Amino acid sequence: MQGLLASTRARTVLALPPLFRRAMSSPTPQALAEASSSRARSPVRVPGPVETTMQSKLIEAFQPSLIRISNDSSKHSHHAPMRAIGGGSGETHFAVALVSSAFSGKTQIARHRMVNSLLKEEFDAGLHALSLRLRTPQEWEKEVDAAVAEGKGQ
């Protein structure tokens with residue numbers, strides 16, 4: 001599947017099917033009305049250097065069919081370790097969803113080790129937490145099919 005890269009307010013998405021879009025809610029009628037008004041503004045979030053580097057490394061190493069990187073740092077800036085360093089760089093906590101055939105035949109722990117070792121420099125430079133959801137294309141298709149069957153993927 002060829003992906004289309006798009007940036008949203010809180011995440012970078014590459015060909016993201018509905019299952020991974022659960023966190024992105026549908027716009028309300030009020031929001032749609034406001035968006036159509038002449039005064040509506042659409043903020044564009046530019047990924048920071050850590051997120052950009054992570055995305056480049058992950059795409060180059062794993063040639064994913066799907067990738068999502070979500071910067072969750074703002075949810076953790078109040079934690080004591082983050083407060084101690086002034087809230088961090090704003091790029092300390094990420095969630096990554098990645099679908100790649102490179103994960104075929106590997107256990108979840110082996111997949112996590114692959115990603116963590118790839119991003120060692122980022123961890124050494126201040127990346128504090130990384131939530132990983134790593135799937136093969138076959139596992140992804142099963143999840144999508146199950147979600148659609150349950151009515152969650154639409």
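It should be noted that the structure appears before, not after, this text.
Everything quoted here is computed from the prediction, not taken from an experiment.

Peer 1: Give me the environment of Q55: which residues, what numbers.
Peer 2: With respect to the helices, strands and loops of the structure, Q55 is situated in helix α2 (residues 49-62). Along the primary structure Q55 and I67 are separated by 12 residues, whereas in three dimensions their C-alpha atoms are 8.4 Å apart.

Peer 1: How would you sum up the pattern of salt bridges? Please name residues and give values.
Peer 2: With the rule as written, the count across this model stands at six salt bridges. We note a salt bridge from K57 to E121, for which the minimum N-O separation is 3.6 Å. With K57 in helix α2 and E121 in helix α5 (residues 120-124), the pair connects residues that are 64 residues apart, well separated along the chain. K120 is the salt-bridge partner of D124, the closest N and O atoms lying 2.7 Å from each other. In this pair, D124 and K120 are both assigned in helix α5, four residues apart and thus about one turn of the helix distant. A relative accessible area of 58% places D124 in the exposed class.

Peer 1: Requested: an account of unusual backbone geometry, with residues and values cited.
Peer 2: Of note, the phi angle at Q63 is positive, near 45°, even though the residue is not glycine. Examined against the element boundaries, Q63 turns out to sit in the loop between α2 and β3 (66-71). The class of Q63 is exposed, set by a relative accessible area of 58%.

Peer 1: I'd love a proper account of the packing of α2 against helix α4 (residues 108-118), names of residues and values included.
Peer 2: Contact geometry for α2 and α4: axes closest at 10 Å, N-to-C directions at 130°. One way to sum up the angle between α2 and α4 is to call them oblique. Considering the relative orientation of α2 and α4, their crossing is right-handed. Contacts between α2 and α4 involve K57, L58, A61 and F62 on the former and, on the latter, M114, V115 and L118. For the contact of α2 with α4, the per-class residue count stands at six nonpolar, no polar and one charged.

Peer 1: Account for the nonpolar core, naming residues and giving values.
Peer 2: Across soluble globular proteins, you tend to see nonpolar side chains buried next to one another. Among the nonpolar cores identified, the biggest contains 15 residues, and M54, L58, I69, V96, L98, V115 and L130 are the most heavily contacted of them. For this core, the secondary-structure elements that each account for two or more residues are α2, β3, β4 (93-99) and β5 (129-135). In contact with V115, not counting residues within four places along its chain, are L58, F62, F103, L130, L132 and L134.

Peer 1: An account of the packing of aromatic side chains is needed here, citing residue identities and associated values.
Peer 2: The geometry of an aromatic ring pair is captured by the separation of the ring centres together with the interplanar angle, meaning the angle of the planes. Scanning all chains against the criterion turns up one aromatic pair. Between F62 and F103 the ring centres are 5.2 Å apart and the planes differ by 35°, which places this aromatic pair in the tilted class. Taken together, the residues span a long stretch of sequence, with F62 in helix α2 and F103 in the loop between β4 and α4 at a distance of 41 residues. What makes F62 buried here is its relative accessible area of 7%. Here F103 falls in the buried class, since its relative accessible area comes to 0%.

Peer 1: Go over the environment of R111 with me, naming the residues and quoting the values.
Peer 2: Structurally, R111 is set in helix α4. In this structure, the C-alpha to C-alpha distance between R111 and R135, residues 24 residues apart in sequence, is 8.8 Å.

Rules behind the numbers
- Residues numbered from 1 in each chain as written.
- Predicted model: local features only at pLDDT ≥ 70, side-chain atom pairs only at ≥ 80, totals over all residues.
- Heavy atoms only, no water.
- Helix = DSSP H or I, 4+ residues; strand = E, 2+ residues; numbered from the N terminus.
- Salt bridge = Lys/Arg side-chain N within 4 Å of Asp/Glu carboxyl O.
- Buried < 20%, exposed > 50% of the residue type's maximum accessible area, 1.4 Å probe, protein only.
- Axes fitted to C-alpha atoms, helices over the stretch in contact; angles between N-to-C directions.
- Parallel < 35°, antiparallel > 145°, perpendicular 65-115°, else oblique.
- Left-handed = near helix turned anticlockwise from the far one by under 90°.
- Contact = heavy atoms within 4.5 Å.
- Nonpolar A, V, L, I, M, F, W, Y, C, P; charged D, E, K, R; others polar.
- Core = buried A, V, L, I, M, F, W, Y, C linked by side-chain atoms within 4.5 Å.
- Phe/Tyr/Trp six-rings, centres within 6.5 Å; stacked < 30°, edge-to-face > 60°.

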